[in-house]
Amino acid sequence: MKYDCLIIDDEKLLADSTAEYFNLFGVSTAAVYTASDCRKFFRENTAELLLLDINLGDSSGFELCKELREKTEIPILFISARTSDDDKIVALNIGGDDYVQKPYSLGVLLAKVKVVLKRYGQSVNTEYSDGRLTVDFQARQVLVEGKPVKLTSLEFKLLSYLIQNENKVVSKQELFEKVWEDKFTGDGTLNVHIRKIREVIEREPGRPEYIITVWGDGYKFQGGRQ
């Protein structure tokens, strides 16, 4: 799978919350917590930008950066709670593009990430629109035929995640983990939320055009953009 951003930080809660925030605003983001997890990630996925913590549980961010630089030139932003100027100098000298100080503002960090992605030629989706359905990820607003409609926070998050993976089958398990952040959410709960979204955005909820059920696998958002 292709992501805009990969966060590598052993502070799991911080990494997950940052990834969730980025995803809501149109920057597809994954999070891992160790250097070994990072290696596993790149065996099956790609990313256009890395947010790399200097202090990792099983390794040094500096060492991981050196290793990655042997294989890729994608931009790397270092993040750290350490304030030493020496750390900043080392980070930049070994291939980092910038140095972000913890604790950071999610809004400021998101803006910086978007600037870097744009600088390196990557487009960041801030809106989905096909003439009938419009989803503004930043404003968290959904319009159907130009009129605003209401979704709960969780319904908006679910719809956004499906749109970010447009025309790809997303498994129920992935939705449980990425949207609910709970592996044990039941199918019934997911089905109820999908039904409610369909009732809002579909012309005929019983014959959906956007959110398609892929029996035995999950759901797919089938976009209608020209």
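Residues numbered from 1 in each chain as written. Predicted model: local features only at pLDDT ≥ 70, side-chain atom pairs only at ≥ 80, totals over all residues. Heavy atoms only, no water.

Engineer: Explain the overall build of the protein chain residue by residue, including any values.
Structural biologist: Across its full length, the protein chain holds 8 helices and 14 strands. Expressed as a percentage of its 226 residues, the buried residues of the protein chain come to 46%. Within the protein chain, residue pairs in contact and separated by at least 24 positions form 56% of the contacts whose partners lie at least 6 positions apart. Of the accessible surface of the protein chain, which amounts to about 11,500 Å², a share of 48% is contributed by carbon and sulfur atoms. (Helix = DSSP H or I, 4+ residues; strand = E, 2+ residues; numbered from the N terminus. Buried < 20%, exposed > 50% of the residue type's maximum accessible area, 1.4 Å probe, protein only. Contact = heavy atoms within 4.5 Å. Areas by Shrake-Rupley, 256 points an atom, 1.4 Å probe, with all protein chains shown as cover.)

Engineer: How would you sum up empty space enclosed by the protein? Please name residues and give values.
Structural biologist: Taken as a whole and assessed by the stated rule, the structure comprises 1 cavity of 30 Å³ or more. Surrounding the largest cavity, Met1, Tyr3, Asn23, Ser28, Thr29, Tyr161, Gln164, Asn165 and Lys178 form its lining. Across the lining of the largest cavity, the residue classes break down as 3 nonpolar, 5 polar and 1 charged. (1 Å grid on protein atoms, 1.4 Å probe; cavity = no way out; pocket = protein on both sides within 12 Å on 5 of 7 lines; lining within 4 Å. Points joined across faces, edges and corners; volume = space filled by probe spheres on them. Nonpolar A, V, L, I, M, F, W, Y, C, P; charged D, E, K, R; others polar.)

Engineer: Lay out the side chain of Glu155 with the relevant residues and their values.
Structural biologist: Note that Glu155 resides in helix 6 (residues 153–164). The buried charged residue Glu155 lacks any salt bridge partner; its closest oppositely charged side chain belongs to Lys196, at an N-O distance of 4.7 Å. A polar side-chain atom of Glu155 sits 2.9 Å from the main-chain amide nitrogen of Thr152. (Lys, Arg positive; Asp, Glu negative; His and termini not counted. Salt bridge = Lys/Arg side-chain N within 4 Å of Asp/Glu carboxyl O. Polar contact = N/O pair within 3.5 Å; in protein donor to acceptor, adjacent residues only side chain to side chain.)

Engineer: Account for the pattern of salt bridges, naming residues and giving values.
Structural biologist: Counted under the stated rule, the structure contains 7 salt bridges. For the salt bridge of Glu67 with Arg39, the shortest nitrogen-to-oxygen distance reads 2.8 Å. Of this pair, Glu67 sits in helix 3 (residues 61–69) while Arg39 sits in helix 2 (residues 35–44), and the two are 28 residues apart along the sequence. By relative accessible area, Glu67 is classed as partly exposed at 23%. Overall, Arg39 belongs to the partly exposed group, its relative accessible area being 35%.

Engineer: Kindly report on the environment of Asn23, identifying the contributing residues and their values.
Structural biologist: The residue Asn23 is located in helix 1 (residues 12–24) in this model. Remark: the alpha-carbon pair of Asn23 and Lys178, spanning 155 residues in sequence, is separated by 9.9 Å. Discounting residues that sit within four places of it in the chain, Asn23 has contacts with Ser28, Thr29 and Gln164.

Engineer: Could you give an account of the sheet that holds strand 10 (residues 141–144), with specific residues and numbers?
Structural biologist: In any sheet, the strands associate via hydrogen bonds between backbone groups, in a parallel or an antiparallel arrangement. Taking strand neighbours across the sheet as the criterion, the 4 strands line up as 8-9-10-11 in an open arrangement whose pairing is antiparallel. Looking at strand neighbours, the two that pair on one side only are strand 8 (127–129) and strand 11 (147–149), the edges of this open sheet. Neighbour-to-neighbour, the strand axes of the sheet open up by a mean angle of 20°, direction not taken into account. Examined bridge by bridge, strand 10 and strand 11 share 3 bridges and lie antiparallel to one another. Residue pairing for strand 11: Val142 is matched across the bridge by Val149. (Pairing = 2+ DSSP bridges. Axes fitted to C-alpha atoms, helices over the stretch in contact; angles between N-to-C directions.)

Engineer: Could you give me a rundown of the packing of aromatic side chains, with the residues and numbers involved?
Structural biologist: The description of two aromatic rings rests on the distance between their centres and on the angle between their planes. Applying the stated rule across the entire model yields 6 aromatic pairs. Residues Tyr21 and Phe25 carry aromatic rings whose centres are separated by 4.8 Å and whose planes lie at 50° to one another, so their mutual orientation is tilted. Relative accessible area serves as the criterion here: at 22%, Tyr21 is assigned to the partly exposed category. Geometrically, the ring pair formed by Phe176 and Trp180 is edge-to-face, given 6.3 Å between the ring centres and 75° between the ring planes. Residue Phe176 and its partner Trp180 are both found in helix 7 (residues 172–180); the two are separated by 4 residues, about one turn of the helix. Here Phe176 and Trp180 have matching classes, each one buried. Among the aromatic residues, ring-to-ring pairing joins Tyr3, Phe41 and Phe42 into one connected group. (Phe/Tyr/Trp six-rings, centres within 6.5 Å; stacked < 30°, edge-to-face > 60°.)

Engineer: Tell me about the side chain of Lys157, and name the residues and values.
Structural biologist: Within the fold, Lys157 resides in helix 6. A relative accessible area of 13% places Lys157 in the buried class. Within the structure, the side chain of Lys157 is placed 2.9 Å from the backbone oxygen of Val179, a separation counted as a polar contact.

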